[in-house]
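In case you want the letters, here they are:
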Amino acid sequence: MASRPLYLGPLGTALTAIRAPQPGMDRSPSAGEGVHELLAGGYATDRSPHLCRQWQMSWGWDDDTWWILSGFASGQLGIGPYAMYEPAMVNLLTPNQASGTEAFKTTLGFSCDATEALASTSTFAQQARRSLKWSLPASVTSGILTLAAPQSLIGWPVAPSSYAFSAYCRTGASGDTSFSVTMALRWLDAAGAQVSESVNTASTVTTAFVQLSLSASPPATAVYVVPRIKVTAASVSAGADLHIDQAQLQLGGTVTTWRSGEGPALVGLGRLRETVPLATGPAPGQQARIIQATLTQLGVAA
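Residue positions within a chain follow its written sequence, with the count starting from 1. Residues qualify for local features only when their pLDDT is at least 70, as the model is predicted, and side-chain atom pairs are given and counted only at 80 or more; totals for whole chains, interfaces and linings, by contrast, use all residues. No hydrogens and no water enter the side-chain calculation; it runs on all heavy atoms of the structure.

**A short note on the side chain of Ser198**
As a reminder of what qualifies: The secondary structure listing takes helices from DSSP runs of H or I that are at least 4 residues long and strands from runs of E that are at least 2 residues long, numbered from the N terminus. Relative accessibility thresholds used throughout: buried, under 20% of the residue-type maximum; exposed, over 50%; partly exposed, between the two (1.4 Å probe, protein chains only). Polar contact is defined as a pair of N or O atoms within 3.5 Å, subject to the rule that within protein one atom must be able to donate a hydrogen and the other to accept it, and that residues adjacent in sequence are counted only when both atoms are side-chain atoms.
Position of Ser198 among the secondary structure elements: in strand 15 (residues 194-199). Accessibility expressed as a relative area gives 17% for Ser198, which makes it buried. Among the polar contacts made by the side chain of Ser198, one reaches the side chain of Trp187 at a distance of 2.9 Å.

**Thoughts on the environment of Thr257**
Positionally, Thr257 belongs in the loop between strand 19 (240-251) and strand 20 (265-275). Between the alpha carbons of Thr257 and Gln246 there is a distance of 10.0 Å; along the sequence they are 11 residues apart.

**Focus: the packing of aromatic side chains**
This is how the line gets drawn: Paired rings are identified among Phe, Tyr and Trp, the last through its six-membered ring, by centres lying within 6.5 Å, and are further divided according to the angle between planes into stacked (under 30 degrees), edge-to-face (over 60) and tilted (the rest).
Applying the stated criterion across every chain yields a total of 2 aromatic pairs. Both rings, one in Phe72 and one in Tyr82, keep their centres 5.2 Å apart while their planes meet at 50°; by these two values the pair is tilted. Of this pair, Phe72 sits in helix 1 (residues 63-73) while Tyr82 sits in strand 7 (residues 82-85); the two residues are 10 residues apart in sequence, bridging distant segments of the chain. Ring centres 5.7 Å apart and planes at 75° place the aromatic pair Tyr163 and Trp187 in the edge-to-face group. With Tyr163 in strand 13 (residues 163-171) and Trp187 in strand 14 (residues 179-188), the pair connects residues that are 24 residues apart, well separated along the chain. The class for Tyr163 is buried, based on a relative accessible area of 0%. Take Trp187: its relative accessible area is 0%, and that puts it in the buried class.

**Things to note about the pairing of strand 6 (residues 52-59)**
Here is the rule: For two strands to pair, DSSP has to find at least two bridges joining them.
Here strand 6 shows one buried face, formed by Arg53, Trp55, Met57 and Trp59, and one open face, formed by Cys52, Gln54, Gln56 and Ser58. Taken together, the 2 bridges between strand 3 (residues 29-30) and strand 6 define a ladder with antiparallel strand orientation. For Ser30, the partnering residue across the bridge sits in strand 6 and is Cys52. Sheet topology places strand 6 next to strand 21 (residues 290-297); 6 bridges connect them, and they run antiparallel. Across the sheet, residue Gln54 finds its bridge partner in strand 21, namely Thr296.

**Comments concerning unusual backbone geometry**
Omega for the bond connecting Gly80 with Pro81 falls within 30 degrees of zero, at 10°, which places this linkage in the cis form. Here Pro81 is to be found in the loop between helix 1 and strand 7. A positive phi angle, close to 60°, is found at Lys105, a residue other than glycine. By relative accessible area, which is 41% here, Lys105 ends up partly exposed. One non-glycine residue, Gln151, adopts positive backbone phi at about 55°. Checked against the element boundaries, Gln151 lands in the loop between strand 11 (144-147) and strand 12 (156-157). Overall, Gln151 belongs to the partly exposed group, its relative accessible area being 33%.

**Focus on the pattern of salt bridges**
Put simply, the test is: Between Lys or Arg on one side and Asp or Glu on the other, a salt bridge is scored when a side-chain nitrogen of the former is within 4 Å of a carboxyl oxygen of the latter.
In the structure shown here, the tally under the stated rule is 9 salt bridges. When the shortest N-O distance is used, the salt bridge between Arg228 and Glu197 registers 2.9 Å. Pair noted here: Arg228 is in strand 18 (residues 224-231) and Glu197 is in strand 15, with a separation of 31 residues, a long-range link. A salt bridge links Glu274 to Arg289; the nearest nitrogen and oxygen atoms lie 2.2 Å apart. On the criterion of sequence distance, the pair formed by Glu274 in strand 20 and Arg289 in the loop between strand 20 and strand 21 is long-range, its members being 15 residues apart. Judged by its relative accessible area of 8%, Arg289 is buried. Residues participating in the shared-partner salt-bridge network are Arg27, Arg53, Glu86 and Glu262.

**Section: the sheet that holds strand 21**
The cut-off we apply is this: In what follows, a contact means two residues having at least one pair of non-hydrogen atoms within 4.5 Å. Where helices are involved, their axes are fitted lines through C-alpha atoms of the stretch in contact, as for all axes, and angles between N-to-C directions lie from 0 to 180°.
If you trace the 7 strands from one edge of the open sheet to the other, you get 2-1-7-20-21-6-3, paired in antiparallel fashion. Every interior strand has two partners, whereas the edge strands, strand 2 (16-18) and strand 3, have only one. Where strand 1 (residues 6-10) lies against strand 2, 3 bridges are found, and the strand directions are antiparallel. Each bridged residue has a counterpart across the sheet, and for Leu8 the counterpart in strand 2 is Thr16. Across the sheet, helix 1 lies against strand 1, strand 2, strand 6, strand 7, strand 20 and strand 21, angled at about 120° from strand 20, the strand it touches most.

Okay, structure coming up:
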C-alpha cells in the first residue's frame, strides 16, 4: 500500500503534495522532561503537556522533491512558517479537542454563541474520564459549536485530499434527551471568507454515545477548513446538553480508529542537504538527488 504524501506549504495557500519520505523518518516528540532528585528521597519528574517535534526526513533519487523543498527554503515558493501534514499523522485536531477536554480539562479550542455554555465535565465520557458539555437554551438561536484552529490560524490549512470529521456524541441526563445533530466542514478562502460548507444528514442523538461522521472534499478555492457541530434548533424544546468526546479530523475521507490529536504542525524548514551521486538522472534534465531535510515545529498545537 502506497504511503500518503507529505503536504507542506506556506500559510494562506493550499498545501503542496510531496512524495512521502523514505521509511525511517524520525518524528520523536519532546515534552521538556526533567527528572529531579528530592531532598526527602526519591525523584520527581516534570514534563509539559505540550508536545513539540523535530522531523528528520530523507528522499532517494528524487529530483522533483528537491526543487519543491529548495523553492520553500529559498522563499521562491512562499515564506514560512509552513503548515505540514506528514504521513504518520492521523488526528489533526489539537489534544484538548480530540480528547473531549481530557488533555487540559478546559474548553480550550471550542467556541459557541454567548447564549450557550461550554464546560469540561466528568459526568459522561466515551473514553478516559471527561467530555465537553455544550449546553443550549430551550430557544436555540445559534446551535453551532466551532472547533478553533490553534495558534490563531484561520482554520486548518487545506491539503489536496478528501477529509473525514467524526466525534462521539450523546445527550445529557436532563432537559431534552433526544435531538438532531449535524457534522459540518466549513471551507474558507485565504481571507477567512466562507467558500462553502459540507454537511451530513442530521442524526438523532440520545443518552448513549454514538459516533457521528462526515466525509467531504474541499472546493478548488478553499485554503482553510473549520470543523463544526450543529444542533437543529427545532429539535430542542426544553434546553439541551450535548456531550462530545473522541473527536477526529483526518485526511483521506474514511473514518478510522480514533487516535490522539496532534494538531496541525507549523514548521520551519531547517537544514536541507542535497547529494548528487550521478552526473545525470533517469530522464533528460533531471539529477538523481539524495535529499535530507530537518523540519522543526514552531509552537505547539494546544
